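Inside the fold
Residue strings, one per chain:
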Amino acid sequence: MKTLTTALLSFAICGAVCGSNCEAGEVEVLHFWTSPGEAKSLVELKALLAARRHVWKDFAVVGGGGQNAMTALRQRLLAGNPPASATIKGPAIQEMAALNVFADLDVMARFDHWDEGIPKVVQQQVKYKGHYVAVPVNIHRVNWLWSNSEVLTKSGVVSVPTSFDAFMVAADKIKAAGFVPLAHGGQPWQDFVLFESVVLGVGGADFFKRAFVDLDPYALSSPEMKKVLETFRRLKPYTDDKSRGRDWNVATDMVIKGKAAFQFMGDWAKGEFLVAGQRPGHEFNCTPSPGSASAFSYVVDTFTMFQLKGWEAQKAQGYLAYVLLGDEFQEKFSQRKGSIPVRMNVSVEKFDDCGQSSRRDFISSEKSNELVPSVAVDMAVATWTQAALRAVVSDFWNIEALSVNEAMNKLVLAAASPRPK
């Protein structure tokens with residue numbers, strides 16, 4: 001790996017200190033944050049770069065839960081023309097680091113004391129062979145349940161359900177009142193987001209880790225998994241018949257506009273509610289998914305930095321790495337994105353109730369060993385294993401003829417799937 005050198009670091013710090021007197025460069029960033037809430041969350045980052053005359057070049061790829069963006073990135077790498085940075089998560093960072101395409105960020109990390117504020121579990125994700133190769137920017141919680149307060153009231157549901165049995169009771173009332181109980185986007189990654197919440201709510205964090213982190217075949221074919229799959233299937237009738245293929249933010253919009261009551265989705269959904277002018281605890285509610293209050297399924301958004309040849313581009317890249325973990329960006333970005341800062345020494349005093357409870361729950365779940373990496377959103381297993389598991393869960397969701405026992409057998413096979421050649 002090429003190191004982000006002391007000279008390059010000095011240019012990054014120069015950008016922070018001397019402002020427009022420093023020479024500027026262009027930084028091209030590949031990302032898939034294209035929903036209204038996600039796009040707005042990038043405003044702060046673009047503004048910080050523009051203040052130092054660095055030019056942000058957008059390389060946005062829509063759809064696929066990030067898979068389309070990774071396909072585009074691989075094409076650029078094969079052509080020998082990488083962007084300055086890309087948003088990559090979890091094991092994919094380790095897989096790509098083995099190709100020797102990343103810049104080594106250790107000099108920047110030592111200068112800015114990254115080890116002191118970034119949780120160990122996050123450091124493991126963004127280091128390769130002990131070296132920083134990516135900049136973590138936030139922590140998302142996946143196991144959230146979003147609900148429309150007015151729809152619940154009109155349906156006679158007095159409180160947000162905290163178990164799946166209670167969820168079914170509430171969903172029946174909501175359906176009888178003429179609303180869609182569960183807004184869902186029927187794409188494989190979204191099917192697994194919902195499934196992941198059921199695994200945590202029915203089986204618990206320890207079972208989740210045995211089944212979907214350790215990939216234990218006994219857990220994947222156990223009585224607990226049978227109950228998880230049965231519960232998961234019971235949710236399908238509460239979705240509408242147009243859900244298949246729907247983007248996640250379109251499903252969120254159904255809750256925002258009062259067409260649907262609930263959505264299972266990570267806290268990036270909160271950004272959509274905020275853009276719509278809604279407030280947590282008023283127009284909408286943010287609660288842990290049923291049965292999973294003590295667990296925290298996490299996703300860490302990260303910016304990897306690629307080896308570049310152009311000096312101006314390297315300077316802009318260095319400044320990007322510097323500002324991403326700065327207090328100002330950490331605070332403002334997460335408030336708009338729905339996440340919490342990745343640096344634990346950044347205050348969340350100005351955050352809303354959702355953000356403050358997320359920080360508390362992250363800390364408590366880490367202490368109780370109930371912090372789990374999301375399988376649905378790229379944090380837990382190899383990319384090919386994730387794709388195989390997603391396919392099984394999505395097939396089970398969509399094909400009624402696929403039995404629970406057949407699905408368990410397919411999960412065992414998917415977990416053992418070899419790396420493609």
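Keep in mind that this is a model prediction, so the values were computed, not measured.

1. Considering the overall build of the protein chain
From N to C terminus, the protein chain includes 21 helices and 15 strands. Taken against the 2.2 N^0.38 rule, which gives 22 Å for 421 residues, the C-alpha radius of gyration of the protein chain at 21 Å falls within 12% of a compact globule. C-alpha extents for the protein chain along the principal axes are approximately 65 × 50 × 40 Å. Residues classed as buried in the protein chain amount to 57% of the 421 residues present. Across the protein chain, the fraction of contacts at a sequence separation of at least 24, relative to all contacts at a separation of at least 6, is 77%. Approximately 16700 Å² of the protein chain is accessible, and the part contributed by carbon and sulfur atoms is 53%. Treating the 45 positive side-chain charges of the protein chain as one cloud and the 44 negative ones as another, the clouds have centres 2 Å apart.

2. Section: the packing of aromatic side chains
Enumeration according to the criterion identifies 20 aromatic pairs in this entry. Relative to Phe212, the ring of Phe192 has its centre 5.8 Å away and its plane inclined at 85°; by these criteria the two rings are edge-to-face. Of this pair, Phe192 sits in helix H11 (residues 188–203) while Phe212 sits in helix H12 (residues 205–212), and the two are 20 residues apart along the sequence. When sorted by exposure, Phe192 lands in the same class as Phe212, which is buried. With a centroid separation of 6.1 Å and 55° between ring planes, the pair formed by Phe208 and Phe212 is classed as tilted.

3. Some words on the packing of H11 against helix H20 (residues 383–398)
One way to put it is that H11 packs onto H20 with a least axis distance of 8 Å and a crossing angle of 80°. The orientation of H11 relative to H20 falls into the category roughly perpendicular. Contact with H11, carried on its side by Pro188, Trp189, Asp191, Phe192, Leu194 and Phe195, involves Leu389, Arg390, Val393, Ser394, Trp397 and Asn398 of H20 and no other residues of that element. Its residues assigned to classes, the contact of H11 with H20 shows eight nonpolar, two polar and two charged.

4. Quick word on the environment of Pro161
Turning to its location among the elements, Pro161 is positioned in the loop between helix H9 (149–155) and helix H10 (164–176). Here Pro161 falls in the buried class, since its relative accessible area comes to 6%. Linking Pro161 and Thr231, residues 70 residues apart in sequence, is a C-alpha distance of 15 Å. The residues touching Pro161, leaving out its near neighbours within four places in the chain, are Leu145, Ala166, Phe167, Ala170, Phe262 and Pro290.

5. Here's the deal with the nonpolar core
Within the largest apolar cluster, 136 residues are counted, with the highest numbers of intra-cluster contacts made by Ile88, Phe195, Phe212 and Met225. Tallying contributions element by element places H11 first for this core, with eight residues. Those residues in contact with Met225 that sit more than four places away from it in its chain are Phe195, Phe207, Ala211, Phe212, Ala219, Leu220, Met408 and Leu411.

6. Some words on the sheet that holds strand S12 (residues 284–288)
Across the sheet, four strands lie side by side as S10-S11-S9-S12; this open sheet has mixed pairing. Since the sheet does not close on itself, it has two edges, and those belong to strand S10 (180–182) and S12, each with one partner. Sheet twist, expressed as the mean angle between neighbouring strand axes with direction ignored, is 15°. In the packing of helix H15 (residues 248–256) onto the sheet, the strands contacted are strand S9 (144–148), S10 and strand S11 (260–264), and the crossing angle to S11 comes to about 145°.

7. Focus on unusual backbone geometry
Its identity is not glycine, yet Leu215 carries a phi of approximately 60°, on the positive side. Relative to the elements of secondary structure, Leu215 occurs in the loop between H12 and helix H13 (217–220). Here the phi dihedral of Asn369 falls at roughly 65°; this positive angle occurs in a residue that is not glycine. Relative to the helices and strands, Asn369 is located in the loop between helix H19 (353–367) and strand S15 (371–373).

8. Here we look at the confidence of the model for the protein chain
Averaged over all residues, the pLDDT of the protein chain equals 89, while 93% of them reach at least 70. Counting interchain partners and residues more than four positions distant, the pLDDT-below-50 stretch residues 15–21 has nine contacts.

9. A few points about the pairing of strand S2 (residues 26–31)
With five of six residues buried, S2 is to be regarded as a mostly interior element. Relative to strand S3 (residues 55–60), S2 is paired through six bridges, and the arrangement is parallel. Within S3, the position partnered with Leu30 by the bridge is Phe59. The pairing of S2 with strand S4 (residues 85–87) spans two bridges and is parallel. Paired with Leu30 across the two strands is Ala86, which belongs to S4.

Cut-offs applied
- Residues numbered from 1 in each chain as written.
- Predicted model: local features only at pLDDT ≥ 70, side-chain atom pairs only at ≥ 80, totals over all residues.
- Heavy atoms only, no water.
- Helix = DSSP H or I, 4+ residues; strand = E, 2+ residues; numbered from the N terminus.
- Rg over C-alpha atoms; globule rule 2.2 N^0.38 Å.
- Buried < 20%, exposed > 50% of the residue type's maximum accessible area, 1.4 Å probe, protein only.
- Contact = heavy atoms within 4.5 Å.
- Areas by Shrake-Rupley, 256 points an atom, 1.4 Å probe, with all protein chains shown as cover.
- Lys, Arg positive; Asp, Glu negative; His and termini not counted.
- Charge placed at Lys NZ, Arg CZ, Asp CG, Glu CD.
- Phe/Tyr/Trp six-rings, centres within 6.5 Å; stacked < 30°, edge-to-face > 60°.
- Axes fitted to C-alpha atoms, helices over the stretch in contact; angles between N-to-C directions.
- Parallel < 35°, antiparallel > 145°, perpendicular 65-115°, else oblique.
- Nonpolar A, V, L, I, M, F, W, Y, C, P; charged D, E, K, R; others polar.
- Core = buried A, V, L, I, M, F, W, Y, C linked by side-chain atoms within 4.5 Å.
- Pairing = 2+ DSSP bridges.
- pLDDT = per-residue confidence, 0-100.

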